[in-house]
Amino acid sequence: MNVLFLCTGNSCRSILGEATFNHLAPKGWKAMSAGSKPTGYVHPRSIDLLAREGISTEGYHSKSWENLPATPDIVITVCGSAAGETCPAYLGPVLRTHWGVEDPAHVTGTDEEIDAAFRKAYRTLRYRIEAFFALPLEKLQHDKAALKAEMDKIAINVI
């Protein structure tokens, strides 16, 4: 199963989601990430945070959803709502869910405050990904409506 983490810039949240998902994924699951308007770079704080967490950062780069290496089965949008962001709508026959996470790239303040925003985004995504992998995926893979319902619950219940 291919999972796409999608946002606008593909420099922070979707990269954190992709890398964390792939780090934790069981055999047969693979994540990718993309943006509708990619920035062209991965935010250095995202790379530093992943490295500190022991997650490989090799090969991650900001890319457009028009250049995906595979067709996604599931699309998880990660744009935050408090910032007034509009998530891109992936067009295609896929299961979609929204796991909104505020963009740490837009946080201003001290280095400690900015780092805290990146850690919060990472933790939120990691907890949701762990909750996803705790689902009975063997069963849910064959019931898309039930899988979507469970993924939507994760967005609400796992912060």
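Parameters and conventions
Residues numbered from 1 in each chain as written. Predicted model: local features only at pLDDT ≥ 70, side-chain atom pairs only at ≥ 80, totals over all residues. Heavy atoms only, no water. Pairing = 2+ DSSP bridges. Helix = DSSP H or I, 4+ residues; strand = E, 2+ residues; numbered from the N terminus. Axes fitted to C-alpha atoms, helices over the stretch in contact; angles between N-to-C directions. pLDDT = per-residue confidence, 0-100. Parallel < 35°, antiparallel > 145°, perpendicular 65-115°, else oblique. Left-handed = near helix turned anticlockwise from the far one by under 90°. Contact = heavy atoms within 4.5 Å. Phe/Tyr/Trp six-rings, centres within 6.5 Å; stacked < 30°, edge-to-face > 60°. Buried < 20%, exposed > 50% of the residue type's maximum accessible area, 1.4 Å probe, protein only. Arc of directions from axis to C-beta.

Caption draft 1: A look at the sheet that holds strand S3 (residues 74-77). Strand order across the open sheet formed by four strands is S2-S1-S3-S4, with parallel pairing between neighbours. The open sheet has two free edges, formed respectively by strand S2 (30-35) and strand S4 (95-98), since each of these has just one partner strand. Taking the axes of each pair of neighbouring strands and ignoring which way they run, one obtains an average angle of 20 degrees across the sheet. Taken together, the four bridges between strand S1 (residues 2-7) and S3 define a ladder with parallel strand orientation. Across the sheet, the residue bridging to Phe 5 is Ile 76, located in S3.

Caption draft 2: Expanded view of the confidence of the model for the protein. Within the protein, residue pLDDT values average 90, and 93% of them lie at 70 or more. Mean pLDDT across the elements of the protein ranges from a minimum in S4, with 90, to a maximum in helix H1 (residues 13-24), with 97.

Caption draft 3: The arrangement of the packing of H1 against helix H3 (residues 111-133) in detail. As a packed pair, H1 and H3 sit with axes 9 Å apart at the nearest point and diverge in direction by 40 degrees. The orientation of H1 with respect to H3, classified from their angle, is oblique. The crossing of H1 and H3 is right-handed. Only Phe 118, Ala 121, Tyr 122, Leu 125, Arg 126, Ile 129, Glu 130, Phe 132 and Phe 133 of H3 make contact with H1, whose side of the interface consists of Arg 13, Leu 16, Gly 17, Thr 20, Phe 21, His 23 and Leu 24.

Caption draft 4: A look at the packing of aromatic side chains. According to the stated counting rule, one finds seven aromatic pairs in the structure shown. Where Phe 21 meets Phe 132, the ring centres are 5.9 Å apart and the plane angle is 40 degrees; that geometry is what we call tilted. Placement of Phe 21 in helix H1 and of Phe 132 in helix H3 is noted, with a sequence separation of 111 residues between them. The pair formed by Phe 21 and Phe 132 is uniform in burial state, with each residue classed as buried. Seen from their ring centres, Phe 132 and Phe 133 are 5.4 Å apart, and the 65 degrees between their planes marks the pair as edge-to-face. The structure contains a cluster of three or more aromatic residues connected by ring pairs, namely Phe 5, Phe 21, Trp 29, Trp 99, Phe 132 and Phe 133.

Caption draft 5: Seen up close, helix H2 (residues 44-52). Within the span of H2, buried status applies to Ser 46, Leu 49 and Leu 50. For H2, the angular spread of the buried residues around the axis is 100 degrees, confining them to a single face. Next to the buried residues of H2 lie H1 and H3. Two residues or fewer after H2 comes Gly 54, characterised by a positive phi angle close to 80 degrees.

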